[in-house]
Amino acid sequence: MRVYVGSYKIRTSKDVAYIHIPAKLALQLGTRRVRVFMQIASRECNNLAFHGAVIIFPATLTRVGDTFRLKLPKKYLSLAERIKDCSFVDVWLEPRLEDWKTKKPEHT
(Lines give C-alpha, C1' and ligand atoms only; values in the text may rest on other atoms or scores of the structure.)
Protein backbone atom coordinates (compact mmCIF):
# COMPACT_ATOMS: atom_id res chain seq x y z
CA MET A 1 0.00 0.00 0.00
CA ARG A 2 1.64 3.23 -1.17
CA VAL A 3 0.31 6.46 0.36
CA TYR A 4 0.72 9.93 -1.13
CA VAL A 5 1.61 12.20 1.78
CA GLY A 6 1.92 15.51 -0.03
CA SER A 7 4.24 18.08 -1.52
CA TYR A 8 6.98 19.52 0.70
CA LYS A 9 9.99 21.82 0.69
CA ILE A 10 13.20 20.09 1.71
CA ARG A 11 14.85 21.56 4.78
CA THR A 12 18.52 21.31 5.65
CA SER A 13 20.42 21.73 8.88
CA LYS A 14 24.17 21.11 9.13
CA ASP A 15 24.69 17.69 7.53
CA VAL A 16 21.04 16.64 7.35
CA ALA A 17 18.29 17.07 4.76
CA TYR A 18 14.73 16.28 5.83
CA ILE A 19 11.02 16.94 5.52
CA HIS A 20 8.25 16.78 8.11
CA ILE A 21 5.21 14.56 7.51
CA PRO A 22 2.00 15.21 9.51
CA ALA A 23 1.42 12.43 12.05
CA LYS A 24 -2.10 11.80 10.72
CA LEU A 25 -0.62 10.74 7.37
CA ALA A 26 2.42 8.88 8.69
CA LEU A 27 0.37 6.79 11.11
CA GLN A 28 -1.72 5.36 8.24
CA LEU A 29 1.21 3.13 7.35
CA GLY A 30 1.30 1.25 10.64
CA THR A 31 5.12 1.26 10.71
CA ARG A 32 7.91 3.78 11.03
CA ARG A 33 10.17 1.89 8.62
CA VAL A 34 9.20 2.96 5.13
CA ARG A 35 10.28 3.07 1.52
CA VAL A 36 10.19 6.62 0.17
CA PHE A 37 9.32 7.61 -3.40
CA MET A 38 10.16 11.27 -3.93
CA GLN A 39 9.62 13.19 -7.18
CA ILE A 40 11.34 16.55 -7.60
CA ALA A 41 9.29 19.49 -8.90
CA SER A 42 11.95 22.12 -9.66
CA ARG A 43 10.39 24.30 -12.35
CA GLU A 44 11.43 27.41 -10.42
CA CYS A 45 15.13 26.46 -10.35
CA ASN A 46 17.59 27.95 -12.83
CA ASN A 47 18.82 24.49 -13.72
CA LEU A 48 15.95 22.15 -14.65
CA ALA A 49 18.21 19.08 -14.71
CA PHE A 50 16.49 17.53 -11.67
CA HIS A 51 12.88 18.42 -12.53
CA GLY A 52 10.79 15.24 -12.63
CA ALA A 53 13.55 13.04 -11.20
CA VAL A 54 12.43 10.32 -8.82
CA ILE A 55 14.53 9.10 -5.93
CA ILE A 56 13.68 5.98 -3.95
CA PHE A 57 15.24 5.10 -0.61
CA PRO A 58 14.51 3.35 2.70
CA ALA A 59 13.94 5.54 5.74
CA THR A 60 12.74 5.51 9.32
CA LEU A 61 10.17 8.08 10.42
CA THR A 62 11.12 9.81 13.67
CA ARG A 63 8.44 11.40 15.85
CA VAL A 64 9.05 15.13 16.45
CA GLY A 65 6.10 16.75 18.25
CA ASP A 66 3.00 16.52 16.07
CA THR A 67 4.94 15.42 12.98
CA PHE A 68 7.32 12.73 11.82
CA ARG A 69 10.72 13.69 10.43
CA LEU A 70 11.91 11.87 7.35
CA LYS A 71 15.65 12.23 6.73
CA LEU A 72 17.09 11.93 3.26
CA PRO A 73 20.20 9.75 2.92
CA LYS A 74 23.48 11.68 3.10
CA LYS A 75 24.21 10.95 -0.57
CA TYR A 76 21.30 13.30 -1.45
CA LEU A 77 22.49 16.17 0.79
CA SER A 78 24.26 17.98 -2.05
CA LEU A 79 21.14 17.71 -4.23
CA ALA A 80 18.95 18.94 -1.37
CA GLU A 81 21.19 21.98 -0.84
CA ARG A 82 20.94 22.87 -4.54
CA ILE A 83 17.15 22.64 -4.82
CA LYS A 84 15.82 23.48 -1.34
CA ASP A 85 15.03 27.14 -2.11
CA CYS A 86 13.46 26.66 -5.53
CA SER A 87 11.62 23.34 -5.53
CA PHE A 88 9.16 21.03 -3.87
CA VAL A 89 9.11 17.25 -3.64
CA ASP A 90 6.03 15.06 -3.99
CA VAL A 91 6.28 12.19 -1.52
CA TRP A 92 4.78 8.70 -1.41
CA LEU A 93 5.47 6.25 1.41
CA GLU A 94 4.95 2.53 1.73
CA PRO A 95 5.85 0.05 4.47
CA ARG A 96 9.18 -1.66 3.79
CA LEU A 97 8.48 -5.18 2.59
CA GLU A 98 11.39 -6.64 4.52
CA ASP A 99 9.58 -5.59 7.70
CA TRP A 100 6.48 -7.59 6.95
CA LYS A 101 6.59 -10.79 8.97
CA THR A 102 4.65 -13.84 8.02
CA LYS A 103 2.68 -15.23 10.88
CA LYS A 104 2.91 -18.88 11.70
CA PRO A 105 -0.44 -20.61 11.49
CA GLU A 106 -2.00 -21.22 14.87
CA HIS A 107 -2.72 -24.80 15.75
CA THR A 108 -6.00 -25.55 17.48
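The text that follows walks through the structure, step by step, so that each part is easy to find. (Residues numbered from 1 in each chain as written. Predicted model: local features only at pLDDT ≥ 70, side-chain atom pairs only at ≥ 80, totals over all residues. Heavy atoms only, no water.)

### Focus on the pattern of salt bridges
Scanning all chains against the criterion turns up two salt bridges. The residue Glu94 makes a salt bridge to Arg2 at a minimum N-O spacing of 3.3 Å. With Glu94 in strand β8 (residues 88–95) and Arg2 in the segment before β1 (3–8), this pair connects stretches of sequence that are 92 residues apart. The closest approach of N and O atoms between Glu81 and Lys84, which form a salt bridge, is 3.6 Å. (Salt bridge = Lys/Arg side-chain N within 4 Å of Asp/Glu carboxyl O. Helix = DSSP H or I, 4+ residues; strand = E, 2+ residues; numbered from the N terminus.)

### Observations regarding the sheet that holds strand β2 (residues 11–13)
Spatial ordering of the open sheet is given by β2-β3-β7-β6, a layout of four strands whose pairing is antiparallel. Unpaired on one side and paired on the other, β2 and β6 (62–64) mark the two borders of the sheet. Shown here is a sheet whose adjacent strand axes are inclined to one another by a mean of 40°, direction ignored. Pairing analysis gives five bridges linking strand β3 (residues 16–22) to strand β7 (residues 67–71), with the strands arranged antiparallel. Note on β7: the bridge partner recorded for Ile21 is Phe68. (Pairing = 2+ DSSP bridges. Axes fitted to C-alpha atoms, helices over the stretch in contact; angles between N-to-C directions.)

### Some points on the environment of Ala17
With respect to the secondary-structure elements, Ala17 resides in strand β3. Taking the C-alpha atoms as reference points, Ala17 and Tyr76, 59 residues apart in sequence, are found 7.9 Å from one another. With near-sequence residues (within four places) excluded, Ala17 lies in contact with Ile10, Arg11, Thr12, Leu70, Lys71, Leu72, Leu77 and Ala80. (Contact = heavy atoms within 4.5 Å.)

### Digging into the pairing of β8
Within β8, six of the eight residues are buried, which leaves the element mostly enclosed by the surrounding structure. Direction of pairing for β1 relative to β8: antiparallel, over a ladder of five bridges. Paired with Tyr4 across the bridge in β8 is Trp92. Inspection of the sheet shows strand β4 (residues 33–41) paired to β8 by eight bridges, in the antiparallel sense. (Buried < 20%, exposed > 50% of the residue type's maximum accessible area, 1.4 Å probe, protein only.)

### Points about unusual backbone geometry
Of note in this structure, Lys14 is not a glycine but carries a positive phi near 55°. With respect to the helices, strands and loops of the structure, Lys14 is situated in the loop between β2 and β3.

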